[in-house]
Each structure stands twice: as structure tokens, then as C-alpha cells.
Amino acid sequence: MATIRLGDLAPNFDAKTTKGDLNFYDYLQDSWGILFSHPADFTPVCTTELGTVANYLPEFTKRNVKVIALSVDGLESHLAWIKDIEETQNVSLNYPIIADETKEIAHLYDMIHPNANETFTVRSVFIIGNDKKIKLILTYPASTGRNFDELLRVIDSLQLTANYSVATPANWKDGDDVVIAPAIKDEDIPSKFPKGFNRIKYYLRMTPQPNK
Ligand code: BEZ
């Protein structure tokens, strides 16, 4: 198993899922992707997480992001559990869950951290760009459910900074001012950022979000 780092090509794989067999790259096509693991079926935090992602799906779709979940439980277990998720979280589970019983994909993406748990995947998140490169890696312990608003916020930042010479400051949200990339010279700012800018320090220059 090789370590996966930011900027690496996301490893491709074939998988059995609740929506049929698939190839990861074929599933993603030209979209961005989120691959996230959860420790086990029929567990409370995972139930809320998978339900939340189903509720957020329109937000991910709006951003051209395809979502796929993974655990090392089997397909029958996933399908039975989905009924509980749909009942308790008031959703229709409209994205695939990988049944990675052999743990091949979990190992490929280093989702099993033996000193945390020998058997189950931790709560990993990989955001994958439409160039198939890894843009973000998060690892949460089993006892802490993830914040999916944060994932939407990061996607907004990643997609913005992929298209403009900007970075997003602490606690930035879509619509807030952004930081002008240090590589941009002061004299080039007016043509690149016609909405104006605020020069707080030579290295800290703020401008309204360019695509709003
Ligand atoms: C849960 O999803 O609730 C959970 C899973 C594994 C360990 C602890 C909690």
C-alpha cells in the first residue's frame, strides 16, 4: 500500500456497490468526486452520516461532485441497512455504497488504521478533482461524525481557487472576500481583479470573490 498524498492521482478500482458493479473512474467521468469511508453498517453515527449525505446530494450535484461511500461490510448488509437509513433519516439513499469485504479498496486508500481499529475503516474523506487528482484528505475517528457543510465549503474553495489566482482565508464561506495569490504583482491586480482590492500588508491583499 502506497501512501496517498495531495496531488497524487486517485487510485482507480472496480467495486461491488449498492448501485451495481462499477469502475471508479467510469463512475466519476468528468466530475469531481468524494470517496468517504465509514466504520460499519448498523451503527448510529454512520446512519446519520449516510442520511445527511443523501440529503445534501443536490448541493454536491450542483457543484458537479459525485459521491460514493465505502465500508468493509457486504452488499446484503448494506442493502438491509439502507432501509433503516431511509426510514430514520427520512431520505432516499441515492448514491452508491461500496461493499469492500476483501478490504482491497480500504487498503488501497489507507482507510484502516490498525492502532485505532484492526478491522474497520476509519472515517476517511478524499476529495478528487475532475483531473482525478487528490485535492483533500480528512481522517476522523469512529466516534466523531463529519461536518458535511465543511466539505461543501472546501469544494467551493477548491473550485474557486482552481479557476482564479486566489486563496481563501480562515473560516471563508462562499461570497466572502478572498486573498489574492502572492504570485500576482500589485500592478497586475487591477486587470485581474477589477472589483478592487485592499492591501493590508504587501503579502495580504483582499479582493471580493471574483466569480460572484
Ligand atoms: C457509529 O457509527 O456510530 C460508530 C461506529 C463505530 C464505532 C463507534 C461509533
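Residues numbered from 1 in each chain as written. Predicted model: local features only at pLDDT ≥ 70, side-chain atom pairs only at ≥ 80, totals over all residues. Heavy atoms only, no water.

(A) The arrangement of the pattern of salt bridges in detail. Applying the stated criterion across every chain, the model contains 11 salt bridges. The salt bridge involving R146 is made with E49; its shortest N-O contact spans 2.6 Å. One end of the pair, R146, is in the loop between strand 7 (134-140) and helix 5 (148-163); the other, E49, is in helix 2 (residues 44-62), with 97 residues separating them in the sequence. Of the two residues, R146 and E49, neither departs from the other in class, the shared state being buried. (Salt bridge = Lys/Arg side-chain N within 4 Å of Asp/Glu carboxyl O. Helix = DSSP H or I, 4+ residues; strand = E, 2+ residues; numbered from the N terminus. Buried < 20%, exposed > 50% of the residue type's maximum accessible area, 1.4 Å probe, protein only.)

(B) Representation of the domain arrangement of the protein in the model. You can read the domains of the protein as domain 1 (14-146) and domain 2 (164-207). Here the C-alpha centre of domain 2 lies 35 Å away from the C-alpha centre of domain 1. (Domains from an automatic or database assignment.)

(C) Seen up close, the sheet that holds strand 8 (residues 166-167). The antiparallel open sheet is built from 4 strands, whose spatial order is 8-9-11-10. The open sheet has two edge strands, strand 8 and strand 10 (198-201), and neither has a second partner. Where strand 9 (residues 178-180) lies against strand 11 (residues 204-207), 2 bridges are found, and the strand directions are antiparallel. Within the sheet, the bridge partner assigned to V179 lies in strand 11 and is M206. (Pairing = 2+ DSSP bridges.)

(D) Spotlight on the packing of helix 2 against helix 3 (residues 75-89). Contact pair helix 2 / helix 3: the axes reach a minimum separation of 9 Å and the direction vectors enclose 70°. Accordingly, the angle class assigned to the pair helix 2 and helix 3 is roughly perpendicular. Taken together, the residues of helix 3 that come into contact with helix 2 (itself represented by C46, T47, T48, L50, G51 and N55) are W81, I85, T88 and Q89. Of the residues contributing to the contact of helix 2 with helix 3, the split by class is 4 nonpolar, 6 polar and no charged. (Axes fitted to C-alpha atoms, helices over the stretch in contact; angles between N-to-C directions. Parallel < 35°, antiparallel > 145°, perpendicular 65-115°, else oblique. Contact = heavy atoms within 4.5 Å. Nonpolar A, V, L, I, M, F, W, Y, C, P; charged D, E, K, R; others polar.)

(E) Main features of the site of the ligand. Looking at the ligand, the residues that line it are P39, T43, P44, V45, C46, R123 and A142. Here P44 contributes a backbone N or O atom positioned 3.2 Å from an oxygen atom of the ligand. Within the backbone of V45, an N or O atom sits 2.6 Å from an oxygen atom of the ligand. Its free accessible area being 260 Å², the ligand has 73% of it covered by the protein chains. In terms of residues, the shell around the ligand owes the most to one element, helix 2, which gives 3 residues. Of the residues belonging to the shell around the ligand, the class tally is 5 nonpolar, 1 polar and 1 charged. (Near = heavy atom within 4 Å. Polar contact = N/O pair within 3.5 Å; in protein donor to acceptor, adjacent residues only side chain to side chain. Areas by Shrake-Rupley, 256 points an atom, 1.4 Å probe, with all protein chains shown as cover.)

(F) Structural view of the nonpolar core. Counting 28 residues, the largest nonpolar core has I34, F36, L50, F60, Y95 and I127 as the members making the most contacts within it. Listed by contribution, the elements that provide at least two residues to this core are strand 3 (32-37), helix 2, strand 4 (65-71), helix 3, strand 6 (123-128) and helix 5. When sequence neighbours within four positions are dropped, the list of residues in contact with Y95 reads T18, K19, F36, L50, V53, A54, L57, V67 and A69. A10, L28, L35 and A106 belong to the second-largest nonpolar core, a separate cluster that totals 21 residues. (Core = buried A, V, L, I, M, F, W, Y, C linked by side-chain atoms within 4.5 Å.)

(G) Structural context of helix 5. Counted at 1.5 Å a residue, the expected span for helix 5 with its 16 residues is 22 Å, and the 23 Å between its end C-alpha atoms agrees. Within helix 5, burial applies to F148, L151, L152, V154, I155, D156, S157, L158, Q159 and L160. The residue sitting at the N-terminus of helix 5 and contributing the capping side-chain oxygen is N147; that oxygen lies 2.9 Å from the backbone nitrogen of D149. (Expected span 1.5 Å × (residues − 1).)

(H) Molecular detail of the environment of Q29. Position of Q29 relative to the elements: it lies in the loop between helix 1 (24-28) and strand 3. Between the C-alpha atom of Q29 and that of K212, which follows or precedes it by 183 residues, the distance is 27 Å. Look past the residues within four positions of Q29 in its chain and what remains in contact with it is K66 and K132. Within the structure, the side chain of Q29 is placed 3.5 Å from the side chain of K66, a separation counted as a polar contact.

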